[in-house]
Each structure stands twice: as C-alpha cells, then as structure tokens.
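Listed below, chain by chain, are the residues.
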Amino acid sequence: MHTQDGRRAAGRIEMALVGAVAGGMVWALIEKAPDIVTHPLAYLFVTSFVSGFFAVLLGLSGPHRVMRAALPAFGLSFVGACLITLSGLRFDTLAAFEDAGHPIIAWVIFLSVGTPFAASLLRDRHSLRDYVHLFDVSWSILVRYSAAWLFVGVFWAVLWLSDALLEIVGLTVIGDVMRVDSVAYVVTGISLGFGLSVVHEMRDYLSPFLVLRLLRLLVPVVLLVVVVFVAAAVLQEPGALFGDLSRAATILAVSLAMISLVSIALDRGDADAVQVGWMRLATAALAALLPVMSGLAIYALWLRVHQYGWTPARLAAACAAAVVAVYALCYLVSVILGRGWMGRIRQANIGIAALVLVLAAAWQLPILNAERISTDSQVARIDAGEVTPDAAALWEMQHDWGRAGHAGLKTLEQGVAGERVEFAEAIAAVRVANTPWELTQKFNQDQGLERATRFLEGLTVIADGADIHPKMMRKWSKYSLEKWADICLETEEPGCVMVLGDFNPVRAGREGFLFIGAKNGNFDIHNVFEIGEFLAMDAYRKPSGSQQVTRDQVADIVEGRFEIAPGSHRSLWIGEFELVPNF
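Residues numbered from 1 in each chain as written. Predicted model: local features only at pLDDT ≥ 70, side-chain atom pairs only at ≥ 80, totals over all residues. Heavy atoms only, no water.

### Quick look at the overall build of the protein chain
Helix and strand counts for the protein chain come out as 24 helices and 7 strands. Burial statistics for the protein chain: of 583 residues in total, 42% are counted as buried. With an accessible surface of roughly 31200 Å², the protein chain has 63% of that area assigned to carbon and sulfur atoms. (Helix = DSSP H or I, 4+ residues; strand = E, 2+ residues; numbered from the N terminus. Buried < 20%, exposed > 50% of the residue type's maximum accessible area, 1.4 Å probe, protein only. Areas by Shrake-Rupley, 256 points an atom, 1.4 Å probe, with all protein chains shown as cover.)

### Considerations on helix 15 (residues 312-336)
Taking 1.5 Å of rise per residue, the 25 residues of helix 15 would be expected to cover 36 Å, and the 36 Å separating its terminal C-alpha atoms lies within 8% of that figure. Immediately downstream of helix 15, the backbone of G338 shows phi near 85 degrees, a positive value. (Expected span 1.5 Å × (residues − 1).)

### Points about the pattern of salt bridges
As a working rule, side chains carrying opposite charge can pair if their charged atoms are close by. Inspection of the entire model under this criterion finds 13 salt bridges. The network of salt bridges with shared partners includes D136, R268 and D272. (Salt bridge = Lys/Arg side-chain N within 4 Å of Asp/Glu carboxyl O.)

### Let's talk about the nonpolar core
If you look at the biggest cluster of nonpolar residues, it comprises 92 residues, and the most contacted ones within it are L57, L60, F110, M258, L286, L290 and Y331. Broken down by element, this core gets its largest block of residues, 12 residues, from helix 14 (residues 277-308). Among residues more than four places away in sequence, those in contact with Y331 are I259, V262, S263, A287, L290, I345 and N349. W395, L409, L412 and A429 belong to the second largest nonpolar core, which has 20 residues in total. (Core = buried A, V, L, I, M, F, W, Y, C linked by side-chain atoms within 4.5 Å. Contact = heavy atoms within 4.5 Å.)

### Considering the packing of helix 7 (residues 131-168) against helix 9 (residues 183-201)
To describe two helices that pack against each other, one gives the angle between their axes and the distance between the axes. Where helix 7 contacts helix 9, the axes come no closer than 8 Å and their chain directions differ by 135 degrees. Between helix 7 and helix 9, the interaxial angle falls into the category oblique. Judged by the sense of rotation from one axis to the other, the crossing of helix 7 with helix 9 is right-handed. Residues R144, Y145, A147, A148, W149, F151, V152, F155 and W156 of helix 7 touch helix 9, and the partners they reach there are A184, V187, T188, S191, L192, F194, G195, L196, V199 and H200. Among the residues forming the contact of helix 7 with helix 9, the class breakdown is 14 nonpolar, 4 polar and 1 charged. (Axes fitted to C-alpha atoms, helices over the stretch in contact; angles between N-to-C directions. Parallel < 35°, antiparallel > 145°, perpendicular 65-115°, else oblique. Left-handed = near helix turned anticlockwise from the far one by under 90°. Nonpolar A, V, L, I, M, F, W, Y, C, P; charged D, E, K, R; others polar.)

### Topic: the environment of R420
Here R420 shows up in the loop between helix 20 (416-419) and helix 21 (421-432). On the accessibility criterion, R420 (22% relative accessible area) is partly exposed. For R420, the contacting residues outside a window of four places in its chain are I382, G385 and V387.

### What about the packing of aromatic side chains?
For the coordinates displayed, the defined rule picks out 16 aromatic pairs. Relative to F49, the ring of F45 lies with its centre 6.1 Å away and its plane at 5 degrees, an arrangement referred to as stacked. Of this pair, F45 and F49 both sit in helix 3 (residues 40-60), 4 residues apart, which is roughly one turn of that helix. On the basis of relative accessibility, which here comes to 25%, the residue F45 falls in the partly exposed class. Members of the aromatic cluster, each reached through a chain of ring pairs, are F45, F49, F53, F54, F74 and F78. (Phe/Tyr/Trp six-rings, centres within 6.5 Å; stacked < 30°, edge-to-face > 60°.)

### Some details on the pairing of strand 4 (residues 523-531)
Counting buried positions along strand 4 yields 7 of 9 residues, so the element is predominantly enclosed. Of the strand pairs in this sheet, strand 3 (residues 511-517) and strand 4 are connected by 7 bridges, and their pairing is antiparallel. Directly across from I516, in strand 4, lies its bridge partner D524. (Pairing = 2+ DSSP bridges.)

### Remarks on the side chain of S77
As for its placement among the helices and strands, S77 is situated in helix 4 (residues 66-88). Here S77 falls in the buried class, since its relative accessible area comes to 0%. Within the local environment of S77, its side chain forms a polar contact with the backbone oxygen of A73, the two atoms lying 2.7 Å apart. In this structure the side chain of S77 is engaged in a polar contact, spanning 3.1 Å, whose partner is the backbone oxygen of F74. Discounting chain neighbours no more than four positions away, the residues touching S77 are F49, G52, F53 and L111. (Polar contact = N/O pair within 3.5 Å; in protein donor to acceptor, adjacent residues only side chain to side chain.)

Shown next, in the form of structure tokens:
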C-alpha cells in the first residue's frame, strides 16, 4: 500500500512539474519569444510546436509515463508545427494569419484527432485498428482534460478568495506573488498537471461511462426533431429555405451531432451498446436519416456558392459537408446490409477519423489553399460581369485573404479595372480604406451618384445660375432618388421639375422647389436650397388651404410662364432682420 501511495505521489509530482514547465513555456512564448525569434514564420513554428507538444504530452501522460509519452507527442506536434507554418506562407504578417483563423482551427483538429492515434501507438501499432482502444482513449482524454480544467478554475477561485480574505487583515502575500509575471502561468500549469494526474487515478469513479449513458438519452429526441425538420423541409420552397450559409452550417452542426450520438449509442462494442430494442431502432433510424441531412446541407451550400462564389468559410463548410457525406454513406450502407451493422459503423469511424486527419493536414498545405481558391473564384465572377464593385470581395482580397488576395487584386487591375472605371475606383478605395465601414461609405456614395444621375435624366431643371450635377445630391436618400427616378421617367409631360433661383436674397446660394408627380395627377412639393457645394432638401411641403399644384401649372413653369417675386403676405422687419410667415 505504501509503495502504491508512493507511486501516486511521484506521478502527481511528475505531472505537476510537466504542467509547471508547460505554463512557464507559454509565458515565455507570449512575453519573451517575440523579442528573440523575430522572423514571423520561425515564431509561428516555435509557438505551435511548443504549445502543441505540451498539450499532447499532458493528454497522453497519466496512462503512460511522461518520458514514454514524449516521443509520440514530439512527432505529432512537430508535424503539426510544420503544417501550420506552411499555411503561414499564405500571409504577409502574423496578424493577418491570426485574423484568418481557419489554419489555426485546422491545426487544432489535426492535433485533437491525431492524439488518440498517438496514444494507440504507445500500446502497439495494431491498436490503430482497435476501435475499442481508440474509443476508450478518445473519451478518456476528453473527460480528463475537462475535469482537470474544472479543477484549475476552482483552484483559482479558492486562491482569489484566500487573497481577498487575507487582505482584510493586511496580508497581501498571495497577491504580491501572483503579480510576478510568470507565476500565474506556472501555477495554472501545476494545477492542470496535478488535476490530470488525480483524474487518471480516479478513472474507475470518473470515467466517460456516465457521460455516454446520459448522452444516449438524446437519441430519440434528436431523431424526432430531425424527422419533423425533414418533413417540413420537403413542403417548403428549397431556394427560400436553404439559400443561406448560416442555415447550411446549422444543418451541418446537427449532422455532426447525429454522428456523435450514433457513435455514443453504439459505444465500444455490441455488449456495451444500447440494448433496448426500440433504442437500437432509433439509433439505426438516426443513422439512416443522416444522408438526407447531408444532402440538404450540400444543397444549401451549393446554392450559396453558385450565387456568391467561394470564400474560405464556404470552402471549410464544403469540407465539413464532404466528411458528413462520407459518414452518411457509410452509415446508410451499414444499416441496409443488416446484421452486424453496428460493427461496420465502428470500423467506418476509424477510417473516417483518419480521413479527417488527412483533410486537416491538406487544409494547411498548398493543395487546399482556401485563400487562393476563393480569390480565383471571386476574380472569375468579376471578369464574367456577375458582380458589382460594392458586392465584390475586394476588401477580403486586400485585408483577409493574404498574398493570394493581393495577387487577385493585381490581376483585376491589369484586366477588368482597365475596362470598367468603377472597379478601378473601387480597388483604389479598398487599398486606402482602414475599415469595411469606410469602404461601404464609399460604395454608398457611388450608388447615390448613380441614382442621382438617373434621377436627373427624368428631371427638368430650371435654374438661375450654374446647372445641377449628381454630386450635389450625394447626401440625399438613395431610396428616394431611386423611387423618384422611376416616377420621373414614367410620368407624362411635363414630368418632374425643379426650379432654383434667388428666392431669399439675404442668404447665400439658391433656393427653390422640387415638383414630383403624385398618383392623383397633382404634384408633391419639396423645398430645396443650396448649402455650399450640396443641394439640401426639406421634408414634403403641403400647399396651404385646398390649393394643389396641378399638371398644367407645372407645364407653365416648364414653358417659362412664372416669375420669382414678392408674395402676397407681408413680412415682419426688425431692422434688417426679416421674418417671413409660413402661411
């Protein structure tokens, strides 16, 4: 007994020391390494290798001694670091790489899926095909890490409360120690390593068994929801239901949940799988419905890509949809073949997990360069005239899609921008814009100018002085300009009319009226006046009394039968200050 207690104590100390080193290394990577490793790619490699190594090592240690787990942890983290560094070649800066995000996610998936296979190699190479061992290892690592991080959170809560309590009596020793830069990282690592060790010791009491049994209860619930969804989807118009990437993502997420629940229900073997007959039928039905959900997700994604082209997010969704489709096909065939379907699904899970590992690696290699594929797609759409500058992915090419995006903009400058001035102006704007909002404002102004130009085509302007040009109206409502352009181009003679002159000699600039045809045959009236280089407009002005401006009166204006003269009302003069009554 004493020897067993000694081994436990030694194991805890060993894991705590590994955690302390891991915490110290993370602090060094954040605080010190940027000043030492100045090359961005070298820093990326060092950071990913060290953090990946300790993450995998802590996951493998416990069931295996630290020194024995170090070799597979080193190999897996080294390959992962090489892959993520290759994906870093797509970007000019680490900040752009971090903003992209998806290479980091692919790296995390690679390490997460690869760790159970690495654990199997610690047993023997034949364990790579042993579903029972892979299943146990995968869930054991998940439960151990979850419980250990929970312990870290509780530990810090106790430490914080202890510091607050001691401060009441004037003792600040805990706070003083914690304020040392590296201590918080080291303490977190120690508590994490210690927690992982204890959780492994208590594996007979804290195992995935309880979690898996609880999750099985969700199988009939999810089955019912999926059946209702599929039935409702059949009755609705496909384009309206699925023409959104977020909806495709939702369907994919539900599909992944279905895959997880089927695997959980089947457990590590037939003896541990669901035993109740109707639960097995529900599990089989959930597996058989997976192709329907996969098909709906692929269709929703296809609609989005067909309409807007590829982006890294859509390409990632396509990869997820492809994996789900493979799961769906394997599950359906397994169920259709009848007896032994559960064993076939388990073996399929091993092969598909290996496929996910390869796909996560390929995502970081040039063969699946999401930025290059997306740029090529968007440039092709622009060349084909399928997209306007405000809807084109110009901002993404300049700021989000790294070197491939920059190359795409250069291609556009050498091609379509030379033929279409609006794209040349848009590319110039995107290069100087600091935020998407600034670029949107530029496009909104351009749209306003286009609509103002169209509005002026149907407007008769009678102006005393310089003519009116579209830029003077760039602050007008784009909705109003578009609506009035339609009205003015369709209204019979005399059409829409604007009269500008010196109605108020006291103020600078011209004033006047805008007459827009109304449905009753009369005209709506708006006050307009110049403010600097802009033409401003007041709200709709209602004629006094029962008088209305008729079509004949507007025709008289067009024919010149009008004058700008003093009105029939008297003004109140206070010195040289005049008040004009609005009635």
